[in-house]
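A look at the structure
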Amino acid sequence: MNATEPVRHIGLIGLGTMGSALALNIAEKGFPIAVWNRTVQVTHDFHATAGGLAAMITPTETLAALVAAIPPPRAIILMVPAGQAVDDQLAALTPHLDPDDLVIDAGNANFHDTNRRTAAGLPFHFMGLGVSGGEEGARHGPAIMVGGALQDWASVEPMLLAIAARSDDGTPCAAYLGPEGAGHFVKAVHNGIEYADMQMIAEVYGVMRDGLNMAAADIGDTFARWNDGVLRSYLVEISGIVAKAHDRVSDGPLLDVILDAAGQKGTGRWTVIEAQNLAAPIPVIEAAVQARNVSARLAERAAGQAVFGPVEAGGMDISTEDLEHALIAGKILAMRKAFR
Ligand SMILES: NC(=O)c1ccc[n+]([C@@H]2O[C@H](COP(=O)([O-])OP(=O)(O)OC[C@H]3O[C@@H](n4cnc5c(N)ncnc54)[C@H](OP(=O)(O)O)[C@@H]3O)[C@@H](O)[C@H]2O)c1
C-alpha cells in the first residue's frame, strides 16, 4: 500500500458485536465502508438498521463484490474470531486482492499468529490491530494498538485517529507500536492488566461482603466514593453500580445470584505464558489468571466447600480506607513495567 495515499474507502469482514459497531463508527466519521459477513442475512439486517449511516455503507453478499466495492489500493478490516477463522479469511481473500491491498486483522489474535502470518509472506500487505473498549468502544471510540509496516500505518492513520477514543486532553488513543504482532502483543498485555484490575476489585468486594459483612448498598457507595479519588476508572465506576444492582426474583443483591464462574478468551493467559517465556515477573496478573482458572472449576470448589465448609462471614478487622490503599498498591504493581 502506497503511504502517500491515505485510505478514504474501507472494507470490513465480520459484522458481529465488534465489527458492526466499528463499521458504524467508521461510517459516522465520514469514511465510506463496504461490509461482508459470512451469514448474508446479518449483512442485510445490519444495513437495514444503520439509520442515517446506511448511505455510507455498501452491503455485499460475496467477497468478490466486497473487493469490487472498494477503490484500490484497498484496506479491509477483519473482525472475526481469532485463530483459524482469520487464516481461512486470508486464504479466501487471496484470489481477489492486489499486492498493494492491505488486510487488517482487528480481532484478538495471538501476536505469535500475527508474526507467523506476516513472515509467511502473504500476497498483500498485512497489519495486526489491537482494539480495546468492547462494543461501546468500537462504536464511539476504541483504543487502537497498531502493529505492522510503518508505510501501512501511514495510509490508515487518518482513519484510525478519526475513529479512536480521545484522552481528556483530546489526544487520539491510537498509536503505532512496532512491526508484525506488536499491536496484538500490547493488546494482550493490556488485557492481562485488566484481568488483574478485575480480580483485585472482586477480592476487595469479597472482603467487604464476607469479611466486613457490609450490605450491598454500602459496598456500592464505597466503590462510588473511590471513583471520586485516584481509583477513578471505568471498572471501579461500574463496580459501584453492579454492587448495588437488585435482583427482583430473589429480592436481594444481583451479584449474590450470578454464577461465580468466570471464563476467559485467552489474552490474559497469553500474557502470563509470554511473561514466563521472558522470565518477567508479573505476579499480580498471574494471580488473576489463576483465580479465573479456579473460578471456572465450579464443581471442584463445591466439593472443597463440602469438606472445609463455607467462608465464615464477618470477623475481619480492616478499614475501607486500607482496602482502597491496597487496591491502589495492587494496581501500581500490575501496571509496573514488567516487559523489557
Ligand atoms: N467483544 C469484545 O468486547 C471484543 C473486544 C475486543 C476484541 N474482540 C475481538 O474481536 C473479534 C470479533 O469479536 P466479536 O465479539 O465481534 O465476535 P462475534 O460477535 O461472535 O462475531 C463474530 C463475527 O465473525 C464471523 N465469523 C465467525 N466465524 C467465522 C468464520 N469461520 N469465518 C468467517 N467469519 C466468521 C461471524 O459471522 P456469522 O454472523 O456468520 O456468525 C460474526 O460476524 C474477536 O477476535 C474478539 O476476540 C472482541
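All figures in this text were calculated on a predicted structure; none of them were measured in a lab. (Residues numbered from 1 in each chain as written. Predicted model: local features only at pLDDT ≥ 70, side-chain atom pairs only at ≥ 80, totals over all residues. Heavy atoms only, no water.)

**Some details on the overall build of the protein chain**
Across its full length, the protein chain carries 14 helices and ten strands. Whereas a compact globule of 340 residues would reach a radius of gyration of roughly 20 Å, the protein chain reaches 23 Å, a difference of no more than 12%. With the C-alpha coordinates aligned to their principal axes, the bounding extent of the protein chain is approximately 70 × 45 × 45 Å. Here the protein chain holds 340 residues, and 44% of them are scored as buried. Across the protein chain, contacts joining residues at least 24 apart in sequence account for 66% of those joining residues at least 6 apart. Accessible surface computed for the protein chain: about 16,700 Å², of which carbon and sulfur atoms make up 57%. Taking the average place of the 23 positive charges on the side chains of the protein chain and the average place of its 38 negative ones, the gap between the two points comes to 2 Å. (Helix = DSSP H or I, 4+ residues; strand = E, 2+ residues; numbered from the N terminus. Rg over C-alpha atoms; globule rule 2.2 N^0.38 Å. Buried < 20%, exposed > 50% of the residue type's maximum accessible area, 1.4 Å probe, protein only. Contact = heavy atoms within 4.5 Å. Areas by Shrake-Rupley, 256 points an atom, 1.4 Å probe, with all protein chains shown as cover. Lys, Arg positive; Asp, Glu negative; His and termini not counted. Charge placed at Lys NZ, Arg CZ, Asp CG, Glu CD.)

**Some points on the pairing of strand β8 (residues 174-178)**
As paired elements, strand β7 (residues 143-147) and β8 share four bridges and run parallel to each other. Pairing of Met145 across the sheet is with Ala175, part of β8. (Pairing = 2+ DSSP bridges.)

**As for the packing of helix α9 (residues 216-226) against helix α10 (residues 234-244)**
As a packed pair, α9 and α10 sit with axes 7 Å apart at the nearest point and diverge in direction by 165°. Judged by the inter-axis angle, α9 sits roughly antiparallel to α10. As α9 packs across α10, the resulting crossing turns out to be left-handed. On the side of α9, the interface is formed by Ala216, Ala217, Ile219, Gly220, Asp221, Phe223 and Trp226, while α10 contributes Val236, Ser239, Gly240, Ala243 and Lys244. Partitioned by chemical class, the residues of the contact of α9 with α10 number seven nonpolar, three polar and two charged. (Axes fitted to C-alpha atoms, helices over the stretch in contact; angles between N-to-C directions. Parallel < 35°, antiparallel > 145°, perpendicular 65-115°, else oblique. Left-handed = near helix turned anticlockwise from the far one by under 90°. Nonpolar A, V, L, I, M, F, W, Y, C, P; charged D, E, K, R; others polar.)

**Side note on the site of the ligand**
Lining the immediate environment of the ligand, one finds 20 residues, of which Thr17, Met18, Asn37, Arg38 and Thr39 sit closest. Interatomic distance of 2.6 Å between a side-chain N/O atom of Asn37 and an oxygen atom of the ligand. Asn108 is positioned with one of its backbone polar atoms (N or O) 3.0 Å from an oxygen atom of the ligand. Protein chains shield 75% of the accessible area of the ligand, which is 900 Å² for the free molecule. (Near = heavy atom within 4 Å. Polar contact = N/O pair within 3.5 Å; in protein donor to acceptor, adjacent residues only side chain to side chain.)

**Quick look at the side chain of Asp247**
Within the fold, Asp247 resides in strand β9 (residues 246-247). No salt bridge is formed by the buried Asp247; the nearest opposite charge belongs to Arg248, separated by 7.0 Å. Those residues within four positions of Asp247 in sequence are excluded, and the remaining contacts are Gly252, Pro253, Leu254 and Val257. (Salt bridge = Lys/Arg side-chain N within 4 Å of Asp/Glu carboxyl O.)

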